[in-house]
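# What the coordinates show
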Amino acid sequence: MTDWTDLPEDVLGSIARRIPLITDFIRFGAVCSSCRSVAATNRQHLLHQFPWLLLPADNTVCSMKRRVYTLSDSRVANFHLPVPHNKRCVGSIGGWLVTVDSRLDIKIFNPFSGGEIPLPRLCLLSKLDPIELLSKVVLSSPPTSAVDRNFIAAAICGQMLAFWKPGEETWNPLDCDVENIEDIIYHKEQFYAVDNFGKVLVCDLASPIPDATEFAPRPNPVPIVRTRYLVESSEGDLLQVERSIVVGEKTDYETIGFEVFKLCSNDGPRWSRITDLNSEILFLGHNASFSLSACHFPSLKGNCIYFTDDYYRDPYYYSSDHFLGAIDMGIFDMEKQTVRPHYVRNAGEVFCVPPIWITPVLH
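The structure presented is a predicted model; accordingly, all values stated were derived computationally and were not measured.

With that settled, consider the overall build of the chain. The secondary structure content of the chain amounts to 4 helices and 25 strands. In the chain, which comprises 363 residues, the share counted as buried stands at 52%. Nonlocal contacts in the chain, meaning residues at least 24 apart in sequence, comprise 50% of its contacts between residues at least 6 apart. About 17,000 Å² of surface is accessible on the chain, with carbon and sulfur atoms providing 51% of the total.

Dropping the structure here:
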């Protein structure tokens, strides 16, 4: 039998370029020094990757690592990522996480490279619990390295938005005359925010006094309070997604469905309901919401929405009497209008931190 180390470099390179998943690519690079060298120069094809679900490592809040659930293998990986439980993840983009601690210190952290970018402390309404105050942070683009500051950060703080720009030492608040902000997205060189009734605002950060004005009306004329997300499709369209949650008398709550609307510009901005995402796959949660095309991932079914539990941020579910944590996660099939699980928790498993989607990258 021929030893791996005896294979010519061009043959090893051909093998490496045919490995589609980062987890398998890492295993290939660990075979021998020749494979490791070839892997280092044959990574270009790994641009499109399955997102991973970042889970707690165990049921304690002092752990410095977290488990990873891989959609490609439908299992928990046999390695951990160095993400402490005492820092809550309030955003992710590419391979970077946005974390916040009890002092409202915000950092952008890459668990794959160890790179870390500190942002100014968020002092707005700091007497409130961070769980209530800060629900999500979205970046205009993922950093290219730990020294990259060429991005804008947007933080959702209830009815208020706050922005940080490169070179600034503080966050700048932007008051919005709307109900609670549910999501924000950087789309076509501007930030757009949506409230829990579906009104979308466009944020003007270039003026001396930044403000947010109504950009598009609600999808439904009759206001309906729902969890909402803004997502850019693979084709560049802006989507608004409504998530319907049913809450029980005590601790039971579950997602029962989604509605998706596409922004149309004919005769002014308006929303058009769509019932088929075609090959699109949406990923929703505390992360910056994003979409992928099933054309790049034959093992994933298109026309589906993968979601995590961000109703979990409600302080009620952090109380000791009702500590369930992240009970509402799954895959919504747009065609069948059904929900099925992606990660199935073990009996008695309690999540002390919310799961979040993260896209693996190699450095």
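What follows concerns the confidence of the model for the chain. For the chain, mean pLDDT is 82; residues scoring 70 or higher make up 79% of the total. Low confidence marks residues 315–323, where pLDDT is under 50. Its contacts with residues over four positions away, or in another chain, come to 22 contacts.

This paragraph deals with the packing of aromatic side chains. The description of an aromatic ring pair rests on the distance of the ring centres and on the angle between the ring planes. Under the defined criterion, the tally for this structure stands at 12 aromatic pairs. With a centroid separation of 5.5 Å and an interplanar angle of 50°, the aromatic rings of F258 and F332 are classed as tilted. One end of the pair, F258, is in strand β18 (residues 253–264); the other, F332, is in strand β23 (residues 330–333), with 74 residues separating them in the sequence. On the basis of relative accessible area, F332 is assigned to the buried category, the value being 0%. Through pairs of rings, three or more aromatic residues link up here, namely F283, F290, Y306 and W357.

Right, let's get into the sheet that holds strand β3 (residues 75–81). Taken in spatial order, the 4 strands make up an open sheet running β3-β2-β1-β25, and their pairing is antiparallel. Among the strands making up the open sheet, the edge pair consists of β3 and β25 (356–358). With direction set aside, neighbouring strand axes in the sheet form an average angle of 40°. Judged from the 4 bridges that link them, strand β2 (residues 66–70) and β3 form a sheet pairing that is antiparallel. Paired with R67 across the two strands is H80, which belongs to β3.

This paragraph deals with the pattern of salt bridges. Using the criterion set out here, one finds 10 salt bridges in the structure. Note that D183 is salt-bridged to K136, the shortest N-O span being 3.0 Å. One end of the pair, D183, is in strand β12 (residues 181–187); the other, K136, is in strand β8 (residues 136–139), and 47 residues separate them in sequence. The buried category is assigned to K136, whose relative accessible area is 4%. Across the pair D310 and R243 runs a salt bridge, and its minimum N-O distance is 3.2 Å. Taken together, the residues D310 in the loop between β22 (304–307) and β23 and R243 in strand β17 (residues 238–247) connect sequence positions 67 residues apart. What emerges from the salt-bridge pattern is a single network uniting R226, R228, E242, E259 and R273.

Before going further, it helps to examine the sheet that holds strand β20 (residues 280–284). Across the sheet, which stays open at both edges, the 5 strands sit in the order β21-β20-β22-β23-β24 with mixed pairing between neighbours. Pairing within the sheet leaves two strands with one partner each, and these edge strands are β21 (290–293) and β24 (338–340). Neighbour-to-neighbour, the strand axes of this sheet turn through a mean angle of 25°, independent of strand direction. Where β22 lies against β23, 4 bridges are found, and the strand directions are antiparallel. Bridge assignment links F307 to a residue of β23, and that residue is G330.

One finds I106, I108, L119, L122, L134, V137 and W171 to be the most contacted residues of the largest nonpolar core, which totals 23 residues. At the level of elements, β4 (88–93), β5 (96–100), β6 (106–109), β7 (116–119), β8, β9 (153–157) and β10 (160–164) are the ones that each hand at least two residues to this core.

On to the side chain of N287. Take N287: it is sitting in the loop between β20 and β21. When sequence neighbours within four positions are dropped, the list of residues in contact with N287 reads G91, S92, K136, I356 and W357.

Structurally, the position occupied by M160 is in strand β10. C-alpha separation for the pair M160 and L133, spaced 27 residues apart in sequence, amounts to 9.5 Å.

The backbone of K188 sits at a positive phi, close to 55°, despite the residue not being glycine. With respect to the element layout, K188 can be found in the loop between β12 and β13 (190–195). K188 gets classed as exposed once you look at its relative accessible area, which sits at 60%.

About the cut-offs
- Residues numbered from 1 in each chain as written.
- Predicted model: local features only at pLDDT ≥ 70, side-chain atom pairs only at ≥ 80, totals over all residues.
- Heavy atoms only, no water.
- Helix = DSSP H or I, 4+ residues; strand = E, 2+ residues; numbered from the N terminus.
- Buried < 20%, exposed > 50% of the residue type's maximum accessible area, 1.4 Å probe, protein only.
- Contact = heavy atoms within 4.5 Å.
- Areas by Shrake-Rupley, 256 points an atom, 1.4 Å probe, with all protein chains shown as cover.
- pLDDT = per-residue confidence, 0-100.
- Phe/Tyr/Trp six-rings, centres within 6.5 Å; stacked < 30°, edge-to-face > 60°.
- Pairing = 2+ DSSP bridges.
- Axes fitted to C-alpha atoms, helices over the stretch in contact; angles between N-to-C directions.
- Salt bridge = Lys/Arg side-chain N within 4 Å of Asp/Glu carboxyl O.
- Core = buried A, V, L, I, M, F, W, Y, C linked by side-chain atoms within 4.5 Å.

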